[in-house]
Amino acid sequence: MPKIEKHAPGTFCWVELGTTDQAGAKSFYSSLFGWIPVDFPMGPSEYYTMFKVSDGDAAAAYTMRPEEQSAAPPHWNLYVAVESADDTAARTADLGGKVIAAPFDVMTFGRMAVIQDPTGAVFCLWQAKDHPGTTVEGENGTLCWADLSTPDPDRAKQFYADLLGWTIAPVEPYPPDYLVIRNRDQLIGGIPPVAYRKADAPAHWMV
């Protein structure tokens, strides 16, 4: 597969695991998917693990800091490519969402923000600079789809359509009650029916 140089706006461009056991995660996912972990120091006792597939960047993992651990259990962060993290984040509140972390630079790699949609699901915006996000796709062990589990598909559908320009609607041959997310001409994910989720589960993205 050719190396990805740039992700189109609105596509899922990166995925990273926030964990309380980074060493265990490295061992587990390397065994499960054949990922090759490469560690990059972030400070005296912290490092960011990049997972490689066919010499490309497929995913990452980091150890959650105490403030993040108090707010959420270990989880996967899903990133969406945007032209401007600042402009997209600025429109979030008007559309009913919430900016959890205002846009900030990640060294020279890119600029990001953390957003919560009106139904409670959290995702990240990524404005690429030196790092586009995933650089390999279409191979085993790479990001291929994401589902939004939400108690209010109609509200979520309107929010993402307005914020990211997605078209969200039934598409054959998928079941008619499964909403497919289309970014331009690419099918990238979906919203399962409410009947398939636990009533007490918070809204979340499933990678």
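Higher on the page you've got the structure.
So, how was this worked out
- Per chain, residue numbering runs from 1 following the sequence as it is written.
- This being a predicted model, a pLDDT of at least 70 is required before a residue's local features are given, and a value of 80 or more before pairs of side-chain atoms are given or counted; all residues contribute to the totals for chains, interfaces and linings.
- The basis for every side-chain value is the complete set of heavy atoms in the structure, and neither hydrogens nor water enter the calculation.
- Where helices and strands are cited, they refer to DSSP runs of H or I of at least four residues and of E of at least two residues respectively, numbered from the N terminus.
- All radius of gyration figures rest on C-alpha atoms, and the globule criterion is 2.2 Å times the number of residues raised to 0.38.
- Partly exposed residues are those whose accessible area sits between 20% and 50% of the maximum for their type, while under 20% is buried and over 50% is exposed, using a 1.4 Å probe and protein chains only.
- If DSSP finds at least two bridges between two strands, the strands pair.
- Every axis in this analysis is a line fitted to C-alpha atoms, fitted for helices over the stretch in contact. Angles between the N-to-C directions lie between 0 and 180 degrees.

## So, the overall build of the chain
Part 1 of the argument: Within the chain, the secondary structure is distributed over 4 helices and 13 strands.
Part 2 of the argument: Taking 207 residues into account, the globule formula puts the C-alpha radius of gyration at 17 Å, and the chain, at 17 Å, falls close to it.
Part 3 of the argument: A principal-axis box enclosing the C-alpha atoms of the chain has dimensions of 45 × 35 × 35 Å.
Part 4 of the argument: A burial count over the chain gives 45% of its 207 residues as buried.

## Focus on the sheet that holds strand 5 (residues 75-81)
Part 1 of the argument: Ordered by their spatial adjacency, 8 strands build an open sheet running 2-3-4-1-5-8-7-6, and the pairing between neighbours is mixed. Whereas interior strands pair on both sides, the edge strands pair on one side only; in this sheet they are strand 2 (36-41) and strand 6 (98-106). With direction set aside, neighbouring strand axes in the sheet form an average angle of 25°.

## Regarding the sheet that holds strand 11 (residues 179-183)
Part 1 of the argument: Pairing in this open sheet of 5 strands is mixed, and the strands run 10-11-12-9-13 from one edge to the other. On the outer flanks of this sheet lie strand 10 (167-169) and strand 13 (204-206), each paired with one strand and no other. Taken over all neighbouring pairs, the strand axes of this sheet differ in orientation by 25° on average, direction set aside.
Part 2 of the argument: Relative to strand 13, strand 9 (residues 146-149) runs antiparallel, the two being bridged by 3 bridges. Opposite Leu 148, over in strand 13, you have Trp 205 as the bridge partner.

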